[in-house]
Structures are given as structure tokens and as C-alpha cells.
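Listed below, chain by chain, are the residues.
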Amino acid sequence: MAQAGQDAKFFQRGKIEEFRAELQAAEAKDKKFVKRKIALKKIVANITMGNDMSPLFTDVVQCLGTPLLEIKKMVYLFLVSYGRSKPDLIHLVIPNFLQDCNDRNPLIRALAIRTMSYIPIPVVTDALTENLRHCLKDRDAYVRKTAAICVAKLYAADPRRAEKGGFVEMLRDLMLDSNATVIANAVAALSEIGDRQDGVIFRLNLTTANKLLTALGESSEWGQIYILDSLLRYVPERHADAETMAERVIAQLQHANSAVVLTTIKVLLYLMNYMENRRLIDYCCKKMGPPLVTLLSSGPEVQYVALRNILLIIQRRPAVLKNDVKVFFCKYNDPIYVKLAKLEIMYRLARAENASEVLAELQEYASEVDLDFVRKAVRSIGRLAIKVEPASHSCIQALLGLIETKVSYVVQEAVIVIKDIFRRYPGQYEGIIPKLCENLDLLDEPESKAAMIWILGQFANLIDNADELMDDLLYSFLDEGAEVQLALLSATVKLFIYKSKSETAKELVHKVLKWATEEVDNPDLRDRGFMYWRMLAINPTVAGEIVLAEKPPITTDSDRMDRGALDQLLLHTGTLGSIYHKNPETFIRNATGKALTDSPALNTNSRAVLVPLSRPQLPDSVVRVAGPGPNEPRSETQDADGPLPPSPPRPVATTKPETEEDIENDEDDEKDGTSEQEEAEQTENHNSDPYSNLDSAFGNYLADEPRPITEGSHHARHNDEDDLLF
């Protein structure tokens with residue numbers, strides 16, 4: 001600490017000429033190199049402050065001949081900063097590089113090879129190649145682990161040279177090294193190369209994976225992260241292999257480092273797709289809960305990362321935290337981003353058993369100060385009513401209590417969710433409509449206005465003064481947004497159909513249709529106006545049957561992310577992708593995607609939603625690294641170049657989750673044999689429709705939007721956890 005305090009005086013802006021004079025003065029009568037060291041510290045401090053010190057290149061380079069490690073470090077730091085910007089002067093340093101690469105001190109050898117790898121200039125790369133080859137076989141582990149990372153940098157600068165020089169194969173050999181740090185760095189370098197779109201395909205076989213697991217206990221925490229992450233490149237061929245590996249990895253959940261914990265969870269979630277032992281899967285889920293809860297006692301930033309990951313995990317494995325909903329109750333001093341993340345998780349974990357606790361907590365949040373948080377809390381109460389039927393009555397009472405507060409934004413959110421509740425439970429709660437009509441003047445936002453207008457139109461037969469209310473709302477028709485105008489148009493037509501003998505209703509519908517078809521520029525509104533007008537003109541009875549047709553009730557059970565996309569995102573647990581809930585290739589240039597790989601051990605349900613992953617065509621000279629160890633028997637599909645092609649999903653309706661009985665029946669069907677002709681006809685019909693695979697292209701992340709119940713959804717709710725666990 002004292003040294004750090006003494007060095008603070010060097011952080012002062014200086015002039016180039018002053019530094020040059022100090023370096024020149026240090027050449028005379030400076031036996032212990034004290035003056036030279038002070039001058040270099042000032043230069044490095046100015047580089048840190050963002051000042052351009054590149055004019056001192058030749059003066060600083062002359063200090064490389066000094067046999068003092070501290071001075072060499074500062075000179076090499078200078079070269080890392082300005083080496084690539086001085087390609088015409090870099091040749092002055094090459095002799096010193098070559099000399100230091102053969103120095104007796106391993107720290108200097110590693111320092112030289114690392115600095116050279118940071119300067120991607122042809123003349124430096126030429127000098128680096130042969131020395132890097134020697135350093136990869138150096139007797140000192142520190143030099144070998146530094147050289148391993150340098151291979152990745154060489155590959156980034158010149159992939160052809162790295163492949164032709166055999167450096168990738170040398171990295172593969174380093175994975176069998178006796179030193180755990182060297183193994184971790186070799187894995188990190190191979191992973192970085194394998195993640196490049198033009199890189200080699202880095203995969204692990206069972207022998208290599210077991211070797212890496214052996215080194216796991218001796219590695220540093222960051223080395224453990226590299227090794228654990230590389231296990232995703234191993235594709236189990238048997239259920240037993242995946243189960244054995246999970247048992248060896250699960251001990252890392254006790255680690256103090258949050259990154260190690262999240263990476264371990266990522267590996268376990270990956271291996272569960274290839275496991276058959278239901279008891280072991282339940283055990284893994286049970287073990288993952290406490291470490292995730294522990295992460296919530298960290299700072300708000302770590303909490304947020306954990307919460308975003310938990311939100312993904314509980315959609316795929318609800319059993320992990322199904323009894324821990326109280327952990328996610330918000331604290332008064334939580335930042336707003338943490339509160340909103342906890343709110344979403346509370347809703348996801350809500351069940352009939354804990355609905356009363358969750359509702360009481362949400363009611364508390366509805367009286368908070370933060371506007372966005374209050375809106376989200378009120379909306380969550382409505383979503384809870386739709387999700388948990390036994391709690392719907394209590395939620396309605398809570399929403400009515402909130403409406404009585406007369407707070408504008410609270411009332412508006414309550415109206416929006418009550419509209420959905422009416423659709424979820426038709427004929428049960430229409431008695432509260434008068435209470436909603438009393439607060440019509442508080443609605444000034446398009447979404448809440450549209451919701452209230454829908455209620456007025458849908459239940460116009462139950463509201464005595466519906467025509468008067470609609471007349472008031474139509475006063476500002478031409479000034480409203482498209483969302484409100486569309487709602488007003490539909491509601492007015494419904495009003496006319498319900499009260500076709502009312503002169504007021506006739507005047508209103510004529511006025512609205514005239515506005516919609518003649519004075520509005522929005523094509524959607526105009527087209528709908530023409531459609532309604534023609535239907536009413538041709539046959540009002542048929543128009544009534546169409547407009548007032550029975551609508552399917554809605555549910556939020558289907559607001560989970562698409563299963564295939566979820567499996568993909570869980571492969572990025574603990575990364576930016578898990579925070580954004582997007583695959584890295586969508587927001588990082590040149591990033592390669594990840595997806596589950598098909599194998600005989602892959603679970604049936606996981607195979608049914610397998611996402612095909614395309615990889616760009618690699619150059620002809622790319623070296624394919626299968627990993628060290630004995631050659632294992634592989635199938636013909638594995639011997640072919642490129643990743644294993646996923647088997648095409650069977651023509652099963654994806655809206656209905658499969659239960660264990662379904663899986664057993666499928667296995668029996670496979671044993672008995674199916675009609676090949678029928679399968680061929682189904683495939684042909686599926687392929688002939690160019691839009692057949694667009695069903696889930698637009699709805700993966702609409703978490704707040706309730707959707708219609710499809711056939712089998714009620715059955716799916718009861719078998720929810722069984723499906724998700726397998």
C-alpha cells in the first residue's frame with residue numbers, strides 16, 4: 001500500500017521533451033537504474049492517463065537492454081500500447097525480443113513472448129512463430145501457460161500461419177499437461193479459437209473431458225470457469241456418461257465465486273438433456289437452488305445477473321426454486337431494476353399454494369412511490385388472477401381496492417388487466433363493470449382507453465347507458481391514436497348490434513363508419529371500416545354472429561419462451577446473452593451460436609425442439625481437433641466433417657407438452673414400427689408449405705401478453721413440471 005501511495009506522484013501530465021531529457025540523463029551515473037525507473041514510471045502513468053507518449057518510442061526502446069525486470073515490464077507495456085502504431089520502427093526491438101525469449105529467467109521469457117503476441121505486425125509475427133513453438137514446450141509451467149494464450153492471439157492475427165505451424169495440435173497436447181493452470185489456459189485458447197466463425201471445430205471426447213475434470217480441483221477459479229465451460233463441447237453418447245459427469249461437477253456449486261457457480265449450473269442444465277435417471281435430475285435441481293439463493297445476498301449488480309439467469313432457469317426447470325418464492329420478495333432499498341426482475345420471478349413461481357402470500361406482497365408494492373414499479377405490480381396482480389384460478393376472486397377484490405384509490409396510473413393498469421380477466425373467466429365478474437365506468441374520466445393513455453372501450457362494446461347489453469358513454473368517447477375520435485380508434489370502431493359496431501333499435505346507436509355507427517372510411521389515413525382502420533359497413537349493409541344478422549362470436553378464453557400458461565430457444569439460451573448462462581435473453585450472435589459481431597447436439601442419449605422432448613445450427617463453410621486447410629486420448633468408436637455421422645446434423649423433429653403438435661406416458665407410448669410405437677408411407681406423406685405436406693415453420697417466429701418473448709387456450713393447454717397445466725423436467 002505504501003508503494004502505491006508513493007507512485008501516485010507520477011500521475012501528473014508531463015511534456016515529451018522533459019521525459020526525453022530525463023531518459024537521456026539517466027544513461028550517465030545511474031548504476032542502480034533509479035533515474036531510468038522513475039522516468040519510465042512517469043511515462044507509463046501518462047499512458048494510463050490517456051496522453052500520447054508515442055514520440056518517445058526510440059528513447060524508451062533503448063531501455064530494453066537494462067537487465068532489470070521492473071524496467072523491462074514497463075518498456076514492454078509501452079510496446080503493447082504503441083507497437084502496432086509504429087510498424088516502421090518495430091524492427092529496432094526484434095533483437096531484444098529474441099534475446100529475452102532465451103533468457104534464463106522464466107518471467108522474462110514469458111514477458112517477451114506475451115508482448116510479441118500483442119503486436120500483430122508481420123515482422124513480429126515471423127519472429128514470434130519459432131520462439132512460440134519452443135515456449136509451448138518450455139520446462140517452466142509459467143512460460144507454457146503464457147504461450148498457450150499467445151497461440152490464440154497468433155490465430156487471431158494470422159489463422160493460416162497458426163494452422164500450418166501446428167500450433168493448434170500443440171495446444172491439444174497441452175491439455176494433457178501435468179500443470180492445472182497450463183491445462184486451463186490451453187482450454188481457454190482452444191475455446192477462443194473454436195468460437196471464431198473461421199476457427200477449427202473444438203470438441204471433447206470422454207477421455208479428454210475426464211482429464212479436464214481431474215484438473216478442475218487444482219485450478220484457479222478462472223481456470224475452473226474455462227474448464228467447466230469447455231465441457232459444453234462434450235456430447236454424451238450414453239446416459240451413464242452424462243450422469244457420471246454431472247455427479248463429478250456438482251461439487252463446484254459450493255464454490256465462493258459466483259461465476260464458477262453459474263458456469264456449473266450451466267453445465268448441469270446442459271447434461272440434464274442427456275440424462276435418464278429421474279432421481280438424479282431431481283437431486284441436481286434440488287442442489288442448484290441454495291447457490292442461486294446465496295447469490296441474492298451479493299451486491300445489486302450480481303443480484304441482477306443472478307435474477308436474469310434464474311428467470312431463464314425456472315422456465316426450464318421450475319422445480320429448482322418452486323418453494324423459495326419468499327426469497328424474491330423486494331426489499332425497500334433494492335434498486336428498481338432488481339425489483340422489476342424479482343417481480344417477474346415472483347409471478348413465475350406463483351402457485352395455488354403460495355398465491356395468497358404473493359398477492360399480499362403485490363398489494364404492498366402497488367402503494368410504492370416508483371411509478372414503473374407500481375404499474376408492473378398492478379399488472380402482475382391481474383396476471384396472477386389469470387394464472388392461478390383459485391386466487392382470481394382475491395385478485396379482483398385487490399384490483400377493485402386499488403381502483404378506489406383514484407390514482408390515475410393505478411386505475412389505468414387495473415382496467416387493462418381486468419379486461420383480460422373478463423376473457424379468462426367469462427360470466428363471472430361482469431358485476432364490477434359499473435365500478436369501472438365510474439372512473440372513465442381517469443383514463444388518458446391509449447392502452448387503458450382501448451381496454452375500457454373494449455369492455456363497453458363487449459358488454460354493451462349489460463350497461464344501460466352504454467350509448468351515452470360511447471357518444472362521449474367518440475367526441476375525440478379523430479384526435480385519438482390508431483389503437484383507440486380501432487377499439488372505438490369495433491365497440492360502436494358491437495353497440496349497434498346489441499341495440500339495433502336505438503336511434504342513438506344507429507347515428508353513432510353511421511358517424512364512426514363515415515369517419516373511418518373517409519377522414520382517416522390509417523389503412524388498417526379504413527379497411528376495417530369498409531368491412532364492417534359491407535357486413536352491416538348485406539346481412540346485419542350474420543354481421544352480429546361474426547362480431548359477437550364466442551371468443552376463446554385466455555391464459556398466461558403459454559407465456560413461457562419457446563422451448564428450443566430456451567434450451568439455446570441456457571447454454572449461455574452467466575454471460576451477456578442470459579441478461580439480454582438473446583443469443584450472442586444477435587448482438588456480437590462474428591460470434592458463433594450454440595445449440596444442443598443430437599446424440600443417442602438426447603432426451604426425446606429435447607430432440608423434438610432441437611434448433612439446427614448452421615456454421616459457415618470453413619477453409620480447406622482448417623485443422624479439425626478432436627481432442628487427445630485414445631480413439632473412441634464413433635458412428636458414421638460423427639466421422640463426417642462438420643457438426644452432427646440434428647435429426648428432423650417428428651410431426652408432433654408442439655403446443656401440447658409430452659408427459660411421461662406420451663414418451664413411453666412413443667417408445668412402444670417405435671418398437672412396433674410405423675407406416676413409412678404415412679410419415680413420407682406428412683413430411684411431403686409439411687415441406688410443401690413455405691410458411692409451415694413460422695408458427696413461433698414472433699411470439700417468443702411476449703411475456704406480458706395473454707394468449708388463447710389451445711386444445712390440450714388445460715392438460716398441459718397439470719403436467720407442467722413433468723414436461724419441463726424431461
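Thresholds applied
- Residues numbered from 1 in each chain as written.
- Predicted model: local features only at pLDDT ≥ 70, side-chain atom pairs only at ≥ 80, totals over all residues.
- Heavy atoms only, no water.
- Helix = DSSP H or I, 4+ residues; strand = E, 2+ residues; numbered from the N terminus.
- Buried < 20%, exposed > 50% of the residue type's maximum accessible area, 1.4 Å probe, protein only.
- Areas by Shrake-Rupley, 256 points an atom, 1.4 Å probe, with all protein chains shown as cover.
- Phe/Tyr/Trp six-rings, centres within 6.5 Å; stacked < 30°, edge-to-face > 60°.
- Lys NZ or Arg CZ within 6 Å of the ring centre and 35° of its normal.
- Expected span 1.5 Å × (residues − 1).
- Patch = residues over 30% accessible without salt bridge, like charges linked within 9 Å, V, L, I, M, F, W, Y side chains within 5 Å.
- Salt bridge = Lys/Arg side-chain N within 4 Å of Asp/Glu carboxyl O.
- Lys, Arg positive; Asp, Glu negative; His and termini not counted.
- Charge placed at Lys NZ, Arg CZ, Asp CG, Glu CD.
- Contact = heavy atoms within 4.5 Å.
- Polar contact = N/O pair within 3.5 Å; in protein donor to acceptor, adjacent residues only side chain to side chain.
- Axes fitted to C-alpha atoms, helices over the stretch in contact; angles between N-to-C directions.
- Parallel < 35°, antiparallel > 145°, perpendicular 65-115°, else oblique.
- Left-handed = near helix turned anticlockwise from the far one by under 90°.
- Nonpolar A, V, L, I, M, F, W, Y, C, P; charged D, E, K, R; others polar.

Overview of the overall build of the protein
Logical step 1: A count of helices and strands for the protein gives 38 helices and 2 strands.
Logical step 2: When the 726 residues of the protein are sorted by exposure, 50% land in the buried category.
Logical step 3: Summed over all atoms, the accessible surface of the protein reaches about 35500 Å², with 51% contributed by carbon and sulfur.

With respect to the packing of aromatic side chains
Logical step 1: Inspection of the entire model under this criterion finds 11 aromatic pairs.
Logical step 2: Note on tyrosine 365 and phenylalanine 373: the rings are 5.1 Å apart at their centroids and 40° apart in plane angle, and the pair reads as tilted. Here tyrosine 365 and phenylalanine 373 have matching classes, each one buried.
Logical step 3: Plain terms: the ring middles of tryptophan 454 and phenylalanine 459 are 6.1 Å apart, the flat faces sit at 85° to each other, and that makes the pair edge-to-face.
Logical step 4: A cation over a ring is seen here: arginine 133 above phenylalanine 167, with NZ or CZ 5.0 Å from the ring centre.
Logical step 5: The ring of tyrosine 347 carries the charged tip of lysine 387 above its face, separated from the ring centre by 5.0 Å.

Notes on helix 21 (residues 371-387)
Logical step 1: Under the 1.5 Å per step criterion, the end-to-end length of helix 21 is 24 Å for 17 residues, consistent within 8% with the ideal 24 Å.
Logical step 2: Within helix 21, 13 of the 17 residues are buried, which leaves it mostly tucked inside the rest of the structure.

Some thoughts on a negative patch on the surface
Logical step 1: A contiguous patch of negative charge on the surface is contributed by Glu364, Glu368, Asp370 and Asp372.
Logical step 2: Tracing the backbone through its elements, the reader meets glutamate 364 in helix 20 (residues 355-365).
Logical step 3: Given a relative accessible area of 52%, glutamate 364 falls into the exposed group.

Section: the pattern of salt bridges
Logical step 1: The final tally for this structure, using the stated rule, is 33 salt bridges.
Logical step 2: With its nearest N and O atoms 3.7 Å apart, the salt bridge here joins arginine 351 to glutamate 353.
Logical step 3: By relative accessible area, which is 59% here, glutamate 353 ends up exposed.
Logical step 4: The salt bridge involving arginine 375 is made with glutamate 445; its shortest N-O contact spans 2.4 Å. One end of the pair, arginine 375, is in helix 21; the other, glutamate 445, is in the loop between helix 24 (433-437) and helix 25 (446-458), and 70 residues separate them in sequence.
Logical step 5: With relative accessibility at 15%, the residue arginine 375 sits in the buried group.
Logical step 6: According to the relative accessible area criterion, glutamate 445 is partly exposed, its value standing at 25%.
Logical step 7: A network of salt bridges, in which partner residues are shared, links Arg375, Arg379, Glu413, Glu445 and Glu447.

Looking at the environment of glutamine 458
Logical step 1: By secondary structure assignment, the location of glutamine 458 is in helix 25.
Logical step 2: By relative accessible area, glutamine 458 is classed as buried at 15%.
Logical step 3: Once the C-alpha coordinates of glutamine 458 and threonine 492 are considered, the two residues, 34 residues apart in sequence, prove to be 9.8 Å apart.
Logical step 4: Apart from residues no more than four positions distant in its own chain, glutamine 458 is found in contact with Lys494, Tyr498 and Lys551.

Regarding the environment of lysine 72
Logical step 1: Structurally, the position occupied by lysine 72 is in helix 5 (residues 69-82).
Logical step 2: On the basis of relative accessible area, lysine 72 is assigned to the buried category, the value being 5%.
Logical step 3: For the pair formed by lysine 72 and leucine 111, sequence separation is 39 residues and the distance between their alpha carbons is 8.5 Å.
Logical step 4: The residues contacting lysine 72, other than those within four sequence positions of it, are Leu64, Thr66, Asp100, Ile108 and Leu111.

What to know about helix 9 (residues 141-157)
Logical step 1: Over its 17 residues, helix 9 runs 25 Å from end to end, which matches the ideal 24 Å to within 8%, given 1.5 Å per residue.
Logical step 2: Close packing links the buried residues of helix 9 with helix 7 (106-117), helix 8 (122-135), helix 10 (159-164), helix 11 (167-174) and helix 12 (180-194).
Logical step 3: Near the N-terminus of helix 9, the side chain that reaches the backbone nitrogen of tyrosine 142, with its oxygen 2.8 Å away, is that of aspartate 140.

A closer look at the packing of helix 21 against helix 23 (residues 408-424)
Logical step 1: Running from N to C, helix 21 and helix 23 point in directions that differ by 15°, and their axes come no closer than 9 Å. As judged from the angle between their axes, helix 21 and helix 23 are roughly parallel. Considering the relative orientation of helix 21 and helix 23, their crossing is right-handed. Contacts from Leu371, Val374, Arg375, Val378, Arg379, Gly382, Ala385 and Ile386 in helix 21 reach Tyr409, Val410, Glu413, Ala414, Ile416, Val417, Asp420, Ile421 and Arg424 in helix 23.
Logical step 2: Across the contact of helix 21 with helix 23, the residue classes tally to 11 nonpolar, 1 polar and 5 charged.

With respect to the side chain of threonine 264
Logical step 1: Position of threonine 264 relative to the elements: it lies in helix 16 (residues 258-272).
Logical step 2: Here threonine 264 falls in the buried class, since its relative accessible area comes to 0%.
Logical step 3: From its side chain, threonine 264 meets the backbone oxygen of valine 260 in a polar contact 2.7 Å long.
Logical step 4: Apart from the residues lying within four places of it in its own chain, the contact partners of threonine 264 are Leu228, Val249, Gln252 and Leu253.

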